[in-house]
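# Coordinate analysis (summary)
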Amino acid sequence: MPKRPDDVQRPWIVKRDSKNNQPKKTAGKDWGDMSSFYNSSRWRAIRNYFLKRNPLCVYCKNKDIIKPAEVIDHRVPIKQGGEMYNELNLQALCKRCHDKKSRSEQTTIIYNRYTMRR
Ligand SMILES: [Zn+2]
């Protein structure tokens, strides 16, 4: 008797968690602790390189304020799928602008969670 094709494996089909409809790629990864990433030598090298080429805070520059950048920020946060080593996803900010941006990001995430539930 030939087997029924029910248990044929289809590895090209991305299995999704039935509870939250997230692709497995991000679901298994824990982004809770980012300190190992920010302490990695690769990140520090990119950070130093980027700061040398972009020594001024871009947010302040937009407001005609010249302020030295202290932080390299990810335009799209890594937690939201942003590329961590892609220069196009980086921007130089002063600490104040970075804190401001981080705060508004948290508000956005909370807002999204709230609207998604409805
Ligand atoms: Zn600034």
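Residues numbered from 1 in each chain as written. Predicted model: local features only at pLDDT ≥ 70, side-chain atom pairs only at ≥ 80, totals over all residues.

## Re the overall build of the chain
The helix and strand tally for the chain stands at five helices and two strands. In the chain, which comprises 118 residues, the share counted as buried stands at 8%. Across the chain, contacts joining residues at least 24 apart in sequence account for 46% of those joining residues at least 6 apart. (Helix = DSSP H or I, 4+ residues; strand = E, 2+ residues; numbered from the N terminus. Buried ≥ 20, exposed ≤ 12 C-beta atoms within 10 Å, placed from the backbone. Contact = placed C-beta atoms within 7 Å.)

## Side note on the nonpolar core
Counting eight residues, the largest nonpolar core consists of Cys57, Tyr59, Ala69, Ile72, Leu90, Ala92, Leu93 and Cys97. Considering each element in turn, this core owes the most residues, three residues, to strand β2 (residues 90-93). When neighbours within four sequence positions are excluded, alanine 92 is seen to be in contact with Phe50, Leu51, Asn54, Leu56, Cys57, Val58, Ala69 and Ile72. (Core = buried A, V, L, I, M, F, W, Y, C linked by C-beta atoms within 7 Å.)

## Comments concerning the environment of glycine 82
In this fold, glycine 82 is placed in the loop between β1 (71-74) and β2. Glycine 82 has contacts with His74, Arg75, Val76, Pro77 and Asn89, leaving out every residue within four places of it along the chain.

## Details of helix α3 (residues 41-53)
Compared with the 18 Å implied by 1.5 Å per residue over 13 residues, the 18 Å span of α3 between its first and last C-alpha is a close match. A small share of α3 lies buried, amounting to zero of its 13 residues. (Expected span 1.5 Å × (residues − 1).)

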